[in-house]
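Fold and geometry: a report
Chain residues, written in single-letter form:
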Amino acid sequence: MGLLLGLLFLGHLTVVTYGHPILEAPESVTGPWKGDVNIPCTYGPLQGYTQVMVKWLVQRGWDPVTIFLRDSSGDHIQLAKYRGRLQVNHEVPGDVSLQLNTLEMDDRSHYTCEVTWQTPSGNQVVRDKIIDLRIQKVSVSKPTVTTGSGYGFTVPQGMRISLQCQAWGSPPISYVWYKEQTNNQEPIKVAVLSTLLFKHAMVADSGSYFCAAKGRVGSEQRSNIVKFVVKDSSKPLKTKTEAPTTMQSPLEGKGLPVFSIVLIISLCCIVVFIMAYVMVCRKTSQQGYIPGRPEILVKTGEWPFSQVAAPAKSHLPKLQGMTTLTIPAWAKSTRSSPRSTVTTLICCTQFLQIMSFWQPRMRESAKNALLSQGLLP
């Protein structure tokens, strides 16, 4: 019977222990003298449990003293010693960590994180954790150099940019900026702040820089050397201005496509060849008079098609359906006979038909017919 009661009590104790929210915190935390420290204290929220109070206590002598209280009325700092440098997180549910700034040596002590919840049954449950805060004088760490610009350490001329030097250790920490010199000369001191600011970066500002940090404890520490480059903004503009004067081949793809250029050249050659061929035909028709063939004098205007030489008419199918032949004004300046005009039209028609992919047999037949009539030289 006693064993059974013991098991029931142990089960009840397990439910009480593990059925409520559990606080999590480290056993000890070390903070830098004159620096800031965060003392973690968290728990996992449970459904039905409502946080009603948060306390932070510090051990003074034998009795703990409340230094912070959070309840339904808000946050309250109980001791004047901590006002202005103590904060408790309230943004993340379940996180009640303590932030303590500007640590002094007498801040070393045991800190207690205590949280009270209301259970679903209306009762209250209290849990606490004790953390040992240690304060030590920390030597300054090796500083790092960063820049807030998206350009990095290579920037265009005239840009406003700053280089930040940051180190960790017991404050106060002093910073000094140096610029490296050529010929193994001593670096030049350029600033005594943590931030090296260039209001309007110039090309002359380019060079190798580093910063040095000195804390309350320990020796001076230097950062790695960074190469800061300011580009001359006029050079890219000059390159763009001279670019059009550079000879470029069309095959590079920056002008017209190769196919278009070839097509344009081919069309130009065809037009020139047609014009030369027409001029030769017209000249031949003017000089070559064949006896026995009627020569008809015409003037500018329309003439009956029956007056045109039959041999010329028989080899122009498209002209057979016409009843009159229109002689343009430009024909009068060549010869006072419609034969020259008709011959010119025949030459043009023959050339175009040959170029329109006739079959070889049809081409030869048309050529022989024109030769037999003396229309081709």
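Notes on the structure in this doc start here. (Residues numbered from 1 in each chain as written. Predicted model: local features only at pLDDT ≥ 70, side-chain atom pairs only at ≥ 80, totals over all residues. Heavy atoms only, no water.)

Here the focus is the overall build of the protein chain. A tally of helices and strands in the protein chain yields 7 helices and 22 strands. With 377 residues in all, the protein chain has 30% of them scored as buried. The contacts of the protein chain with a sequence gap of at least 6 include a subset with a gap of at least 24, amounting to 58%. When the accessible surface of the protein chain is split by element, carbon and sulfur atoms take 59% of a total near 24000 Å². (Helix = DSSP H or I, 4+ residues; strand = E, 2+ residues; numbered from the N terminus. Buried < 20%, exposed > 50% of the residue type's maximum accessible area, 1.4 Å probe, protein only. Contact = heavy atoms within 4.5 Å. Areas by Shrake-Rupley, 256 points an atom, 1.4 Å probe, with all protein chains shown as cover.)

Bringing the packing of aromatic side chains into the picture now. Overall, the coordinates contain 5 aromatic pairs when judged by the stated rule. Look at Phe198 and Tyr209: their rings are 6.0 Å apart centre to centre, the planes differ by 80°, and that puts the pair in the edge-to-face class. One end of the pair, Phe198, is in strand β17 (residues 195–198); the other, Tyr209, is in strand β18 (residues 207–214), and 11 residues separate them in sequence. Of the residues examined, Tyr209 reaches a relative accessible area of 3% and is grouped as buried. Here Phe198 and Phe228 contribute two aromatic rings whose centre-to-centre distance is 4.8 Å and whose plane-to-plane angle is 15°, an arrangement assigned as stacked. Highlighted residues: Phe198 in strand β17 and Phe228 in strand β20 (residues 226–231), separated in sequence by 30 residues. (Phe/Tyr/Trp six-rings, centres within 6.5 Å; stacked < 30°, edge-to-face > 60°.)

Here we come to the state of the cysteines. The tally for this structure, following the rule as stated, stands at 2 disulfides. A sulfur-sulfur distance of 2.0 Å marks the disulfide that ties Cys41 to Cys113. In this structure, the disulfide formed by Cys41 and Cys113 twists by about -80° around the S-S bond and is classed as left-handed. In this pair, Cys41 sits in the loop between β3 (37–39) and β4 (42–43) while Cys113 sits in strand β10 (residues 109–118), placing the two residues 72 residues apart along the sequence. What makes Cys41 buried here is its relative accessible area of 0%. The residue that forms a disulfide with Cys165 is Cys211, at a sulfur-sulfur distance of 2.0 Å. Across the S-S bond of Cys165 and Cys211 the torsion is about 65°, and the bridge reads as right-handed. Pair noted here: Cys165 is in strand β14 (residues 161–166) and Cys211 is in strand β18, with a separation of 46 residues, a long-range link. Residue classification places Cys211 among the buried residues on the basis of a relative accessible area of 0%. Cysteines bonded in the protein chain are numbered consecutively along the chain; their disulfide partners then correspond to 1-2, 3-4. (Disulfide = S-S within 2.5 Å.)

Turning our attention to the pairing of β18. Of all 8 residues in β18, 6 are buried, a share of seventy percent or more. In the sheet, strand β15 (residues 174–179) pairs with β18 via 6 bridges, with the strands oriented antiparallel. Each residue of the ladder has a partner; that of Tyr178, found in β18, is Phe210. In this structure, β18 lies alongside β20, joined through 3 bridges in antiparallel fashion. Note that in β20 the partner of Gly207 across the bridge is Phe228. (Pairing = 2+ DSSP bridges.)

If you walk across this open sheet you meet the 6 strands as β2-β11-β10-β5-β6-β7, and the pairing is mixed. Unpaired on one side and paired on the other, β2 (28–32) and β7 (74–77) mark the two borders of the sheet. Strand-to-strand twist across the sheet, computed as the mean angle between neighbouring axes with direction ignored, equals 30°. (Axes fitted to C-alpha atoms, helices over the stretch in contact; angles between N-to-C directions.)

All right, on to the sheet that holds β14 then. The strands making up a sheet are joined through hydrogen bonds of the backbone, oriented either antiparallel or parallel. Strands sit in the order β12-β14-β17 across an open sheet of 3 strands; the sheet is antiparallel. At either end of the open sheet lies a strand with only one pairing partner, and these are β12 (144–147) and β17. For this sheet the average axis-to-axis angle between neighbouring strands, irrespective of direction, equals 15°. Sheet topology places β12 next to β14; 4 bridges connect them, and they run antiparallel. Opposite Thr144, over in β14, you have Gln166 as the bridge partner.

Within the largest apolar cluster, 28 residues are counted, with the highest numbers of intra-cluster contacts made by Trp56, Ile67, Leu86, Leu100, Tyr111, Val115 and Leu133. Of all elements in the fold, only β3, β5 (50–60), β6 (63–71), β8 (86–88), β9 (98–100), β10 and β11 (124–136) reach the threshold of two or more residues within this core. Ranked by size, the runner-up nonpolar core spans 19 residues in total, among them Trp177, Ala191, Phe198 and Ala213. (Core = buried A, V, L, I, M, F, W, Y, C linked by side-chain atoms within 4.5 Å.)

Another point: the side chain of Asp95. Note that Asp95 resides in the loop between β8 and β9. Buried and unpaired, Asp95 has Arg70 as its nearest opposite-charge partner, separated by 8.4 Å. A polar contact is formed between the side chain of Asp95 and the side chain of Asn89, at a distance of 2.9 Å. Within polar-contact distance, the side chain of Asp95 engages the side chain of Ser97 at 2.7 Å. Leave out the neighbours within four places in its chain, and Asp95 touches Cys41, Thr42, Asn89 and His90. (Lys, Arg positive; Asp, Glu negative; His and termini not counted. Salt bridge = Lys/Arg side-chain N within 4 Å of Asp/Glu carboxyl O. Polar contact = N/O pair within 3.5 Å; in protein donor to acceptor, adjacent residues only side chain to side chain.)

Tracing the chain through its elements places Asn101 in the loop between β9 and β10. Looking at Asn101, its side chain comes within polar contact range of the side chain of Gln99, at 3.1 Å. Sequence-distant contacts of Asn101, defined by excluding residues within four places in its chain, comprise Gly35, Asp36 and Arg85.

Once that is clear, we can look at the environment of Ser149. Looking at the secondary structure, you find Ser149 in the loop between β12 and β13 (154–156). Judged by relative accessible area, which is 18%, Ser149 ranks as buried. When the C-alpha positions of Ser149 and Met159 are compared, they lie 10.0 Å apart, and in sequence the two are 10 residues distant. The contact partners of Ser149, leaving out residues within four places of it in the chain, are Met159 and Ile161.

Read these as spatial facts, not as claims about activity.
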